[in-house]
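# Structure at a glance
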Amino acid sequence: MGRRVHSREFKLEAVKLVRERGVAKSEAAKQLGVHVNVLRKWIADYEVDPKQAFPGHGQMKPEQAEIEKLRRELARVKAERDILKKAIACFVKEPT
């Protein structure tokens, strides 16, 4: 049995069921057919950043996208630095 994938709308409605309607987490999880720990995680994710919660499969939050961009740039700059170090070492060698 594979992992089930739930839409952003489904997760938002599940969170609203608990937060706004006052349904107990265990009861809501049972009604929705998800484990109570999954529902707790959805609620925690929503509380951290309601507008960016549940970005979707393969999509990153803006902060995560920026971090990934900076990591790629850092790797490129390190590679350029290493090339320059090797080039300088070739020019600096004393003739024998």
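Here the structure is a predicted model, which means the values were calculated and not measured.

## Quick notes on the overall build of the protein chain
For the protein chain, the helix and strand inventory stands at 4 helices and 0 strands. The N-to-C order of helical and strand elements in the protein chain reads α-α-α-α. Over its C-alpha trace the protein chain gives a radius of gyration of 24 Å, far above what one expects of a compact globule, namely 12 Å for 96 residues. A sequence separation of at least 24 residues applies to 44% of the contacts in the protein chain between residues at least 6 apart. Summed over all atoms, the accessible surface of the protein chain reaches about 8,100 Å², with 56% contributed by carbon and sulfur.

## A closer look at the pattern of salt bridges
Counted according to the given criterion, the structure contains 5 salt bridges. Among the salt bridges present, the one from Lys-41 reaches Asp-45, with a minimum N-O distance of 2.8 Å. In this pair, Lys-41 and Asp-45 are both assigned in helix H3 (residues 36–48), 4 residues apart and thus about one turn of the helix distant. Assessed through its relative accessible area of 25%, Asp-45 is described here as partly exposed.

## What about the nonpolar core?
With 14 residues, the main nonpolar core has Leu-39, Trp-42 and Phe-54 as its most contacted residues. Counting only elements with at least two residues in this core, the list comes to helix H1 (8–19), helix H2 (25–32) and H3. Looking at this core, the element that brings in the most residues is H1, giving 5 residues. Dropping the residues within four chain positions of it, Leu-39 is found in contact with Ala-14, Val-18, Lys-25, Ala-28, Ala-29 and Val-34.

## Points about a nonpolar patch on the surface
A surface patch of nonpolar side chains, about 380 Å² in accessible area, is lined by Ile-88, Phe-91 and Val-92. Overall, the relative accessible area of 73% leaves Phe-91 in the exposed class.

## Re the environment of Lys-25
Relative to the elements of secondary structure, Lys-25 occurs in helix H2. Setting aside chain neighbours within four positions, we find Lys-25 in contact with Val-18, Val-36, Leu-39, Arg-40 and Ile-43.

Rules and cut-offs
- Residues numbered from 1 in each chain as written.
- Predicted model: local features only at pLDDT ≥ 70, side-chain atom pairs only at ≥ 80, totals over all residues.
- Heavy atoms only, no water.
- Helix = DSSP H or I, 4+ residues; strand = E, 2+ residues; numbered from the N terminus.
- Rg over C-alpha atoms; globule rule 2.2 N^0.38 Å.
- Contact = heavy atoms within 4.5 Å.
- Areas by Shrake-Rupley, 256 points an atom, 1.4 Å probe, with all protein chains shown as cover.
- Salt bridge = Lys/Arg side-chain N within 4 Å of Asp/Glu carboxyl O.
- Buried < 20%, exposed > 50% of the residue type's maximum accessible area, 1.4 Å probe, protein only.
- Core = buried A, V, L, I, M, F, W, Y, C linked by side-chain atoms within 4.5 Å.
- Patch = residues over 30% accessible without salt bridge, like charges linked within 9 Å, V, L, I, M, F, W, Y side chains within 5 Å.

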